[in-house]
Amino acid sequence: MSNIAIPYGAYWSTPFARWQGSFAHLHSLKFAAHVAKGALQKRKLDVGVFDHAALGLSVPQKGVFYGMPWLAAQLGSESLTGPTISQACATGVRLIQSVASTLREGDATVALALAADRVSNGPHIYYPAPDGPGGTGEHENWVLDNFNCDPNTGFNMLKTAENVAAEHGLTTQQQNELTLVRYQQYEEALKDDSAFLKRFMDLPFSVPDSRFKREKAVLQGDEGIFPTSAEGLAKLKPVMEGGTVTFGGQTHPADGNAGMVLTTPERAAELSRDRKVGIRVVSFGQSRVQAGFMPAAPGPAAQRALAAAGLKAGDLAAIKTHNPFIVNDLLMSRELGIDARKMNRFGCSLVWGHPQAPMGIRGVIELIEELVLTGGGYGLFVGCAAGDSAMAVVVKVQDE
């Protein structure tokens, strides 16, 4: 995969806004197109340069049947097309893999990956059942019902974290200690007027109204970050009776979108903000673990991505994780033999929230920017997903 490049700076993310917050009124695909159009203009990238695109999302919106062709039309392209990718919280990495594979096979030269989700105001779906009693069908709250019950196990997401915590002896105190570190790491991203975030995020961020005609609000950064202290975490009780995981040790649902350009190394140079910075997609890994143990999945996925790259954990210059529960990081750090405190510099999804599809794209963007700041090298992004699964990607930042 080393022949797949990401032009430096040719990526972006909105702030992530808390559930039912400042983005709750926005159609996720229309919002993604609105943001992408502005981001491409700012980066002096014409939509005509793309010969492939793919859309990632995990929460349906009205009209999503038309997927990428509709979104591309909103960007001003009547020829650009591609698939819609959906794999819960692994959508972002799967989206990158899909686009990278298309480039590697020679079916495209410059591709756009866009990921968007509005977890707020999720759809309520009715499934007709003519053979049911009186013709009565079934209904589903897409977001809440799927958060609360895996149809394979009957477990909710929190139960999978408790299963892992019990299996590996991960106490509330251990969780609290690392959770506090994660919030302190995010504070580094906010230093100097959010200098790190502004490397890929347009701040202050203008929130449009639902017609995309007027400004409804302005965000200075991510919305929904709770002040967190050791004392505050210690006061929280486990959410489940007899459990270990508190509200402090888990993420919160959020809304937002993110985008990334992938291409060949030759084209990357001309599309890059800085030709001296080379970014390569190196390898991917996936895994599925014992049913009901979702937070245990990142470790095996990371190992497979590292093996595909011919690397060991000690070869990594940076690691970012999707950690809906801090339990994820505690276990994976043990399995890889790394210091959990050295992962997730500048923050992670535990802190800035959980819009499934764009979350992984933002994580990879932050990983790239961290590597640029620290002199380059190999970086790993990994996270779990519904169905006790996970995906991982290894990237490399180097001097060209």
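Scoring rules and cut-offs
Residues numbered from 1 in each chain as written. Predicted model: local features only at pLDDT ≥ 70, side-chain atom pairs only at ≥ 80, totals over all residues. Heavy atoms only, no water. Buried < 20%, exposed > 50% of the residue type's maximum accessible area, 1.4 Å probe, protein only. Helix = DSSP H or I, 4+ residues; strand = E, 2+ residues; numbered from the N terminus. Arc of directions from axis to C-beta. Contact = heavy atoms within 4.5 Å. 1 Å grid on protein atoms, 1.4 Å probe; cavity = no way out; pocket = protein on both sides within 12 Å on 5 of 7 lines; lining within 4 Å. Points joined across faces, edges and corners; volume = space filled by probe spheres on them. Nonpolar A, V, L, I, M, F, W, Y, C, P; charged D, E, K, R; others polar. Expected span 1.5 Å × (residues − 1).

J.: When you look at helix 2 (residues 67–75) in this model, what are you seeing that I'm missing?
T.: Turn by turn, an α-helix covers 3.6 residues, leaving residues three or four places apart pointing in a common direction. Along helix 2, the positions that sit buried rather than exposed are Gly67, Met68, Leu71, Ala72 and Leu75. For helix 2, the angular spread of the buried residues around the axis is 110°, confining them to a single face. Buried residues along helix 2 sit against helix 1 (28–42), strand 4 (52–56), strand 5 (84–85) and strand 6 (110–118).

J.: How do you make sense of the layout of surface pockets when you look at a structure like this?
T.: Volume-wise, the largest pocket comes out at about 760 Å³. Around the largest pocket, the lining is made up of 31 residues, and of these Phe247, Gln250, Thr251, His252 and Pro253 lie nearest the centre. Those elements that provide at least two residues to the lining of the largest pocket are helix 4 (142–148), helix 5 (157–168), helix 8 (230–235) and strand 14 (377–385). Ranked by residue count, the leading element in the lining of the largest pocket is helix 4, at 3 residues. Looking at side-chain class alone, the lining of the largest pocket contains 20 nonpolar, 11 polar and no charged residues. Taken as a whole, the second largest pocket spans an internal volume of roughly 480 Å³. Forming the walls of the second largest pocket are 27 residues, and the residues nearest its centre are Ala88, Asn146, Met157, Ala386 and Gly387. Within the residue set of the lining of the second largest pocket, elements represented by two or more residues are helix 4 and helix 5. Looking at the lining of the second largest pocket element by element, the count peaks at 4 residues for helix 4. Among the residues making up the lining of the second largest pocket, the classes are represented as 13 nonpolar, 11 polar and 3 charged.

J.: Help me understand helix 3 (residues 91–104) in this model?
T.: In this model helix 3 runs 20 Å from its N-terminal to its C-terminal C-alpha over 14 residues, within 8% of the 20 Å that 1.5 Å per residue would give. The element helix 3 is largely enclosed, with a buried count of 10 among its 14 residues. Positive phi appears at Gly106, one or two residues downstream of helix 3, with a value of about 85°.

J.: Which parts of the structure should I look at to understand the environment of Lys312?
T.: Relative to the helices and strands, Lys312 resides in the loop between helix 10 (298–309) and strand 13 (316–322). Taking relative accessible area as the criterion, Lys312 reaches 66% and is therefore assigned exposed. Taking the C-alpha atoms as reference points, Lys312 and Ala291, separated by 21 residues in sequence, lie 27 Å from one another.

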